[in-house]
Amino acid sequence: MSKNVTREEPRDATLDLRTGALHDSVDDDLAPTTELATLLVPGDVAPVRVALLSRDEALAGLVHRTLTAGRGHEVDVVRLGRRADVIERMSSEALAAVLVDLRTESSFGTDAVEHLHLAFPADAIVAIVDSDGGDATASAAVRAGAEDGLPFDGMPAASAWRAIAFAIERRRDARSVQSVLDALDAPIVVHDQERTVVYVNLAARRLFHTEPGTLLGSRWPVEVTAGKSAFRALPQRDGSSLRVQVRATRTRFAGREATLLSIQDMTAQRDVEARIRRHERKLRESQHMESIGILAGGIAHDFNNLLTVIRGRSQLGMRKVQSGRDVTRDLECIEQAAKQATRLTSRLLTFARRDVVKPELVDVGEMIEESIPMLRSLVGEATRLDVDLSAGVPPIEIDPGHLEQVLLNLVANARDALPQGGEVRVTLAYESAGPDAAEGIVALTVHDDGIGMNDETQRQMFEAFFTTKAEHGGTGLGLATVRGIVKEANGRVRCRTAVGEGTTLRVEFRPATAQIDDSMSTAALDGTATSGTILVVDDDENVRAIAAEMLETSGYAVLTAEDAADALRLIEDSSNVIDLLVTDVVMPETDGPTLIVEARTHRPDLRAVMVTGYAPYADASMIPGVPLLQKPFTMAQLTEQVEAALRN
């Protein structure tokens, strides 16, 4: 083998990432001393130092003689018999080149070349092979990362010097390129086509908390298509994962096809987003509490009115009974007041719910009509409330509590724009979006004839905590929350205002595709109810008594218990025939669901109905197949649930 083996890629066409330099081929006839004189610049170490990985002591002498014969340079050849010693020397000294003995008797394989190349890609590695039949070994060494393959017998001095000359050039350029890459804030990793890491810059080492060389030679854990960007979770040594965004670009590194990964740590952004979500949650809760205060004031006013009716009619009814007069009118008034109180309680509980948003079909006109007494109380006596509700407005899909919150905030905002009183007008209409549109819009509008807003106020009106009110006059969360709720419901808010001409806030919703089913099934109270024995359990004596009397009136036999322990004694008594258990959810000691489970250990086929006034955790899925009846219930609702449970 008369000539050294070189890389398949022509140097004159290769831009190497590790050096950033274009390499031209050099003839063996070029005087190496001249080339070295050009390349030896301040900062390079003299003498020229070469490391030899070989077990052959005689080879070190041959290499030294070849490199020093008539060349005018001092050459220091260090023979090392272990790969670890070479790595230590390469880490601590500036070596011009590393020669690896790959002759058969030396027993070093091309894996040594590959290992050194991965650990120190900026240093040149030259393979020494057998003179005869060493072409295949030399080619394999070049593929593994060697710069050249030199024959052992008659080692050409010019070829050896050329390798050293290129090594000095690469080291100088590699230092410049590495200093540039290490100065970048962006973490950069380069891996080859097998995803073996061949380069890691300083920012990447800091990101992954690794020492230089720790990642080199390892397999990159995730794949990103070149030319693409992707979010990935990178596993860490402590078992955690690092969330990053990776951009992949094709490049060449050390003469090979490679992929450059530019990495962005998303942990900080994730923390910022988490903080924003926490602040938004706190903002919503703060505004929620302000709205609850408004709502509670209105509901307290309405409840006092209802209680006045109930107590007054009860007293009048008792006097009429004593005198033998008809009390039908008094009972009807009490029943009507109780219905209104039920609706108020339901609205308050729905509005106060903080956990899960539950959109449902809502008749906006009905909601506004039921809120009129509270709205009149909200605006005060000095302000006139005018409500105009168009007929035939389709329902919308929204959380009922959220819709009521929107209405309260808009009316409260209009009231505050009328410090000396005036008019607040609430209108609801269904408007066509055009002759060719598939559907129109449901428009809820609140107008006041107050002071209006200037341009600067309009620009900030939806910003959280922005307010034109005096200190302690408001939180500035009302309109911000309105916009958030409406946006969540796929609607939008529009404003028309001018200084001295009042303000109109218009909320637009898409109508729901489904319609509200107003039909309600009620049990027939004609004496044909299913027979059976019902055990009623409630710690409130009055509720227990009224439920028992309702069921007895419907034809059932009834047993009662004041708590779970009392109920279990009746259930455990085999002489008692019990077809159905009706139990309150919230009770002292043992709650209703637990009672049902324990009761079924004695009577596996026992059917049950749960009843609750308010339990934050209560829903119909607590015990599969057991319905949940909301207090206050009517006689028809109670008997309907009981009959359904007995039939099923």
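Residues numbered from 1 in each chain as written. Predicted model: local features only at pLDDT ≥ 70, side-chain atom pairs only at ≥ 80, totals over all residues. Heavy atoms only, no water.

Caption draft 1: Here's a closer look at the overall build of the protein. Of regular secondary structure, the protein possesses 17 helices and 22 strands. Residue burial in the protein is summarised as follows: out of 648 residues, 44% are buried. At a minimum sequence separation of 6, the contacts of the protein that also span at least 24 residues come to 66%. If you sum the accessible surface of the protein, you get close to 33,800 Å²; carbon and sulfur atoms cover 49% of it. (Helix = DSSP H or I, 4+ residues; strand = E, 2+ residues; numbered from the N terminus. Buried < 20%, exposed > 50% of the residue type's maximum accessible area, 1.4 Å probe, protein only. Contact = heavy atoms within 4.5 Å. Areas by Shrake-Rupley, 256 points an atom, 1.4 Å probe, with all protein chains shown as cover.)

Caption draft 2: Main features of the side chain of N201. Here N201 is to be found in the loop between β7 (197–200) and α7 (202–208). Here A204 takes part through its backbone nitrogen, which lies 3.0 Å from a polar atom of the side chain of N201. (Polar contact = N/O pair within 3.5 Å; in protein donor to acceptor, adjacent residues only side chain to side chain.)

Caption draft 3: Spotlight on helix α15 (residues 564–572). Burial in α15 covers these residues: A564, D566, A567, L568 and I571. Contact partners of the buried residues in α15: β18 (533–537), β19 (557–561) and α16 (592–602). Structurally, the start of α15 carries an N-cap: the backbone nitrogen of A565 is 3.3 Å from a side-chain oxygen of D563.

Caption draft 4: Up close: unusual backbone geometry. In this structure, P632 follows K631 across a cis peptide bond, with omega equal to -10°. Of note, P632 is situated in the loop between β22 (628–630) and α17 (635–647). Positive phi, close to 65°, is recorded for R195, a residue that is not glycine. With respect to the helices and strands, the residue R195 is situated in the loop between β6 (188–192) and β7. Accessibility expressed as a relative area gives 15% for R195, which makes it buried. A positive phi angle, close to 65°, is found at N490, a residue other than glycine.

Caption draft 5: Region of the structure containing the sheet that holds strand β15 (residues 441–448). Across the sheet, which stays open at both edges, the five strands sit in the order β12-β14-β15-β17-β16 with mixed pairing between neighbours. Across the chains shown, the open sheet's two edge strands, defined by having one partner strand only, are β12 (383–389) and β16 (492–497). Strand-to-strand twist across the sheet, computed as the mean angle between neighbouring axes with direction ignored, equals 15°. As paired elements, β16 and strand β17 (residues 503–509) share six bridges and run antiparallel to each other. Bridge assignment links R496 to a residue of β17, and that residue is T504. In the packing of helix α10 (residues 364–379) onto the sheet, the strands contacted are β12, β14 (422–431) and β15, and the crossing angle to β12 comes to about 175°. Against the sheet, helix α11 (residues 400–416) makes contact with β14, β15 and β17, and its axis sits at roughly 170° relative to β17, the strand it touches most. (Pairing = 2+ DSSP bridges. Axes fitted to C-alpha atoms, helices over the stretch in contact; angles between N-to-C directions.)

Caption draft 6: Looking closely at the sheet that holds β18. Strand order in this open sheet of five strands is β19-β18-β20-β21-β22, and the pairing throughout is parallel. Only two strands of the sheet have a single partner each, and these edge strands are β19 and β22. Each strand axis lies, on average, 20° off the axis of its neighbour in the sheet, ignoring direction. Together, β18, β20 (580–584), β21 (607–612) and β22 form the strand contacts of α17, whose direction differs from that of β21 by roughly 155°.

Caption draft 7: Region of interest: a negative patch on the surface. Together, D539, D540, E541 and E562 give the surface a local cluster of negative charge. Take D539: it is sitting in the loop between β18 and α14 (541–553). On the basis of relative accessibility, which here comes to 38%, the residue D539 falls in the partly exposed class. (Patch = residues over 30% accessible without salt bridge, like charges linked within 9 Å, V, L, I, M, F, W, Y side chains within 5 Å. Salt bridge = Lys/Arg side-chain N within 4 Å of Asp/Glu carboxyl O. Lys, Arg positive; Asp, Glu negative; His and termini not counted. Charge placed at Lys NZ, Arg CZ, Asp CG, Glu CD.)

Caption draft 8: Expanded view of α16. Turning to α16, its buried residues are G592, P593, L595, I596 and A599. All buried residues of α16 project into a common sector of 155° when viewed along the axis, lining one side. In α16, the exposed positions angled more than 90 degrees off the buried face are occupied by V597 and T601. (Arc of directions from axis to C-beta.)

Caption draft 9: Here's a closer look at the packing of helix α3 (residues 83–92) against helix α4 (residues 110–119). Orientation of α3 relative to α4, taken along the N-to-C sense of each, is 25°, at an axis distance of 11 Å. Relative to α4, α3 is oriented roughly parallel. Once α3 is placed against α4, the crossing between them reads as right-handed. Each of R83, V86, I87 and M90 in α3 lies in contact with α4, whose residues at this interface are D111, A112, H115 and L116. (Parallel < 35°, antiparallel > 145°, perpendicular 65-115°, else oblique. Left-handed = near helix turned anticlockwise from the far one by under 90°.)

Caption draft 10: Expanded view of a positive patch on the surface. There is a patch of like positive charges on the surface, built from R275, R277, R278, R281 and K282. Following the sequence through the fold, R277 ends up in helix α8 (residues 267–322).

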